[in-house]
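# Observations on chain architecture
Chain by chain, the residues:
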Amino acid sequence: MLDTNTSTEPTSGATKSAKTGWNLADAQKIYNLPFNDLLYRAQSVHRAQFDPNAIQMSRLLSIKTGGCAEDCGYCSQSAHYPTGLKASKLMEVERVLAEARKARDGGATRYCMGAAWRSPKERDMEAIVAMVRGVRSLGIETCMTLGMLTPEQSGRLADAGLDYYNHNVDTSERFYGEIITTRSFADRLETLANVREAGIKVCAGGILGMGETADDRISMLVTLANLPVPPESVPINMLIPIPGSKLADAAPVDPIDFVRTIALARILMPASHVRLSAGRTDMSDEMQALCFFAGANSIFVGETLLTADNPGEDHDAALFRRLGLKPMAPTAEPEAAE
């Protein structure tokens, strides 16, 4: 008889201990369930936590592009690879706020700002803090991704009102060194700990299609689920091969495997927003629909994600109409700018 248990906890011998968290072997059992059983279980978990037809709408802006000292093999912004992307200076605060107003007026409820840095320099922190305060005053959630952060930098961003900090672990600890050598997996976890300690919510996920195995994907999600507090936001990206980058010729990830990973993320982290992130331009409407059914409930809107293409709002609106989906209501309240 098929197991139709809809609990957020594993079944058939797969149990989550309050002390030890999720076990890799148990997560593998869930991932390898018959596809229909996996999706049924993921959707049941999803419905217990969220409106199944509401999707969080986020907008991403690159506030400083290119010239990054890191050698992330997937990235167009790394100075290590001849991707043809020119480095830019940090964007002016007022320009960032003008873009944020347009994003809010276009329906975005979270505004994410990304800078291609190994870590922010002290000379840039004043402008970064001003961006956070300014965007927060518009009544939308704020998120930043700036590379590694110290405890002091994390505290300054928390004091400015930053809601979320994005710092992806990218893949499993085992496979990490195949993709990045300029910082360690432990460095990633240290930044996440600094951010959490400062009181900022965590946004952390990974990328599929970099040559990793299914077990690497599962291990990555187990690592995130077993953090002292799981990330409130979990972006799952499908690799966009960048000409000139280390992974320019990477084989595409199997769509069913991608959906399985979304479903496992939902089951392991029931209360998190699971974001269907980069790579949507290469996903069919049917694949995206399966991802939403598997528990994805957040997307980036707009035509670009940092330096990569993203489906335009017209296409997203049409897909939402076909699927009966609606934008998730905002949760942030406007705050007076200091």
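From a predicted model like this one, the values you see are computed outputs, not experimental measurements.

### Digging into the overall build of the chain
Tallying secondary structure elements over the chain gives 11 helices and 12 strands in all. The buried share of the chain, reckoned over its 338 residues, is 55%. Contacts in the chain between residues far apart in sequence, at least 24 positions, make up 73% of those at least 6 positions apart. Working note: accessible area of the chain is about 14,400 Å², and carbon and sulfur atoms make up 51% of it.

### Let's talk about unusual backbone geometry
One non-glycine residue, D170, lies in the positive phi region at around 75 degrees. Locating D170 in the fold gives a position in the loop between β4 (164-166) and α6 (173-179).

### Looking at the packing of helix α2 (residues 35-49) against helix α9 (residues 255-268)
As a packed pair, α2 and α9 sit with axes 9 Å apart at the nearest point and diverge in direction by 35 degrees. Note that α2 runs across α9; the crossing there is left-handed. Along its contact with α2, which presents F35, L38, L39, R41, A42, V45 and H46, the element α9 presents I256, V259, R260, A263, R266 and I267. For the contact of α2 with α9, a count of residues per class yields 9 nonpolar, 1 polar and 3 charged.

### Side note on the confidence of the model for the chain
Looking at the chain, pLDDT values average 86 and 85% of them are 70 or higher. Taken together, the stretch residues 1-15 has pLDDT below 50 and engages in 27 contacts with residues farther than four places along the chain or on a different chain.

### Focus: the pattern of salt bridges
Across all of its chains, the model carries 12 salt bridges by this definition. For D170, the salt bridge goes to R188, with nearest N and O atoms at 3.0 Å. Separated by 18 residues along the polypeptide, D170 in the loop between β4 and α6 and R188 in helix α7 (residues 185-198) bring together distant segments of the chain. Across the pair, R188 and D170 agree in class, each one buried.

### A word on α9
The end-to-end C-alpha separation of α9 is 20 Å, in line with the 20 Å expected for 14 residues at 1.5 Å each. In terms of burial, α9 is largely enclosed, as 11 of its 14 residues are buried. Within the span of α9, buried status applies to F258, V259, R260, T261, I262, A263, L264, A265, R266, I267 and L268.

### Notes on the packing of helix α8 (residues 214-225) against α9
Following both chains from N to C, one finds α8 and α9 inclined at 20 degrees, their axes separated by 10 Å at the closest point. In terms of orientation, α8 lies roughly parallel with respect to α9. As for how α8 packs across α9, the hand of that crossing is right-handed. Counted together, R217, I218, L221, V222 and A225 of α8 and D257, T261, L264, A265 and L268 of α9 form the full contact between these two elements. Tallied by class, the residues present in the contact of α8 with α9 amount to 7 nonpolar, 1 polar and 2 charged.

### Quick notes on the packing of aromatic side chains
Tallying each qualifying case throughout the model produces 2 aromatic pairs. Between Y176 and F185, the aromatic rings sit 5.6 Å apart at their centres with planes inclined by 80 degrees, giving edge-to-face as the arrangement. The exposure class assigned to Y176 is buried, which follows from its relative accessible area of 3%. Judged by relative accessible area, F185 falls into the buried class, the value being 5%. Ring geometry for F292 versus F320: centroids 6.3 Å apart, planes at 90 degrees, classification edge-to-face. You can see F292 sitting in helix α10 (residues 285-293) and its partner F320 sitting in helix α11 (residues 313-323), a full 28 residues away along the chain. Accessibility classification places F292 together with F320 in one group, the buried group. A cation sits over an aromatic face here: R110 above Y164, 3.6 Å from the ring centre. Just above the ring of Y164 sits the side chain of K201; from NZ or CZ to the centre is 5.8 Å.

Scoring rules and cut-offs
Residues numbered from 1 in each chain as written. Predicted model: local features only at pLDDT ≥ 70, side-chain atom pairs only at ≥ 80, totals over all residues. Heavy atoms only, no water. Helix = DSSP H or I, 4+ residues; strand = E, 2+ residues; numbered from the N terminus. Buried < 20%, exposed > 50% of the residue type's maximum accessible area, 1.4 Å probe, protein only. Contact = heavy atoms within 4.5 Å. Areas by Shrake-Rupley, 256 points an atom, 1.4 Å probe, with all protein chains shown as cover. Axes fitted to C-alpha atoms, helices over the stretch in contact; angles between N-to-C directions. Left-handed = near helix turned anticlockwise from the far one by under 90°. Nonpolar A, V, L, I, M, F, W, Y, C, P; charged D, E, K, R; others polar. pLDDT = per-residue confidence, 0-100. Salt bridge = Lys/Arg side-chain N within 4 Å of Asp/Glu carboxyl O. Expected span 1.5 Å × (residues − 1). Parallel < 35°, antiparallel > 145°, perpendicular 65-115°, else oblique. Phe/Tyr/Trp six-rings, centres within 6.5 Å; stacked < 30°, edge-to-face > 60°. Lys NZ or Arg CZ within 6 Å of the ring centre and 35° of its normal.

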